[in-house]
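What follows is the residue order along each chain.
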Amino acid sequence: MPVQFAAKRLGKELNKIQNGLPPGIELVSADNLEEWLLDIRVLDNNPLYLNDTYRLKFRFGQSYPIEPPEVVFVKQADRPIPIHPHIYSNGIICLDLLGQQGWSPVQSVESVCMSLQSMLTGNTKNERPPGDEEFVRANKQRPKDIEFYYHDNTV
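Since this is a predicted model, take the numbers as computed values, not measurements. (Residues numbered from 1 in each chain as written. Predicted model: local features only at pLDDT ≥ 70, side-chain atom pairs only at ≥ 80, totals over all residues. Heavy atoms only, no water.)

A. Examining the packing of aromatic side chains more closely. On inspection of all chains with the given rule, the structure shows 7 aromatic pairs. Taking the centre distance of 4.9 Å and the plane angle of 70 degrees together, the rings of Trp-36 and Phe-60 count as edge-to-face. In this pair, Trp-36 sits in strand 2 (residues 35-41) while Phe-60 sits in the loop between strand 3 (53-59) and strand 4 (70-74), placing the two residues 24 residues apart along the sequence. With 6.2 Å between their ring centres and 85 degrees between their planes, Tyr-54 and Phe-73 make a pair best called edge-to-face. In this pair, Tyr-54 sits in strand 3 while Phe-73 sits in strand 4, placing the two residues 19 residues apart along the sequence. A single burial state applies to Tyr-54 and to Phe-73, both of which are buried. (Phe/Tyr/Trp six-rings, centres within 6.5 Å; stacked < 30°, edge-to-face > 60°. Helix = DSSP H or I, 4+ residues; strand = E, 2+ residues; numbered from the N terminus. Buried < 20%, exposed > 50% of the residue type's maximum accessible area, 1.4 Å probe, protein only.)

The structure is reproduced here in structure tokens:
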């Protein structure tokens, strides 16, 4: 049952996407209902992202849209990973919207892309998250399995 629901929902989203997306968002490929690629651009004059296009990879589980998709930035020769305090250099995004607690089934591929555009638009810091190098080197988990929260249990 969940597989059929996910397929039906993704089919509706794909149909809507193919009929037009907001400015700065472009569907690159959606050959199946498991993985889609989209490009996003920041539309304002933020100098951190001016003239750059970024590739997003969406991976959908059988429980989509009840559970969020796995969304990461993908580096290519002409598609860098954006520098942002919530985006690791391996493309993993620390954003509550993409986690179990922040996700809502009313969200969609389009709304996630728009949220990421907005996150980049509002950024003024040309930096990675604290501990980026160590995280990238040591992390073996898929993005959806990472619990992003800040704590210090020695306090």
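B. Up close: the side chain of Asp-132. Of note, Asp-132 is situated in helix 3 (residues 132-138). For Asp-132, which is buried and forms no salt bridge, the nearest opposite charge comes from Arg-128, at a distance of 4.7 Å. Apart from the residues lying within four places of it in its own chain, the contact partners of Asp-132 are Tyr-88 and Ser-89. (Lys, Arg positive; Asp, Glu negative; His and termini not counted. Salt bridge = Lys/Arg side-chain N within 4 Å of Asp/Glu carboxyl O. Contact = heavy atoms within 4.5 Å.)

C. Main features of the sheet that holds strand 4. Read from one edge to the other, the open sheet built from 4 strands follows the order 1-2-3-4, with strand pairing classed as antiparallel. Edge strands, defined here as strands with exactly one partner in the open sheet, are strand 1 (25-29) and strand 4. Each adjacent strand pair in this sheet contributes to an overall mean axis angle of 30 degrees, direction not counted. The pairing of strand 2 with strand 3 spans 7 bridges and is antiparallel. Paired with Ile-40 across the two strands is Tyr-54, which belongs to strand 3. (Pairing = 2+ DSSP bridges. Axes fitted to C-alpha atoms, helices over the stretch in contact; angles between N-to-C directions.)

D. Up close: the environment of Lys-125. Relative to the assigned elements, Lys-125 resides in the loop between helix 2 (109-121) and helix 3. When its relative accessible area of 46% is taken as the criterion, Lys-125 is described as partly exposed. Considered as a pair, Lys-125 and Pro-85 are 40 residues apart in the sequence and their alpha carbons are 7.0 Å apart. Leaving out residues up to four positions away in the same chain, Lys-125 has contacts with Leu-48, Ile-83 and Pro-85.

E. Molecular detail of the pairing of strand 2. Looking at chain direction, strand 1 and strand 2 are connected through 4 bridges and run antiparallel. In the strand pairing of strand 2, Ile-25 is matched with Ile-40. Where strand 1 folds back onto strand 2 in an antiparallel hairpin, the turn is made up of 5 residues.

F. Fine view of the pairing of strand 3. Of all 7 residues that make up strand 3, 5 are buried, and the element is covered over most of its length. The pairing of strand 3 with strand 4 spans 5 bridges and is classified as antiparallel. Pairing of Phe-58 across the sheet is with Val-71, part of strand 4.

G. Main features of the environment of Pro-23. Its place among the elements puts Pro-23 in the loop between helix 1 (2-18) and strand 1. C-alpha of Pro-23 to C-alpha of Leu-43: the two residues are 20 residues apart in sequence and 7.8 Å apart in space. In this structure, Pro-23 is in contact with Leu-43 and Gln-117, ignoring residues within four places of it in sequence.

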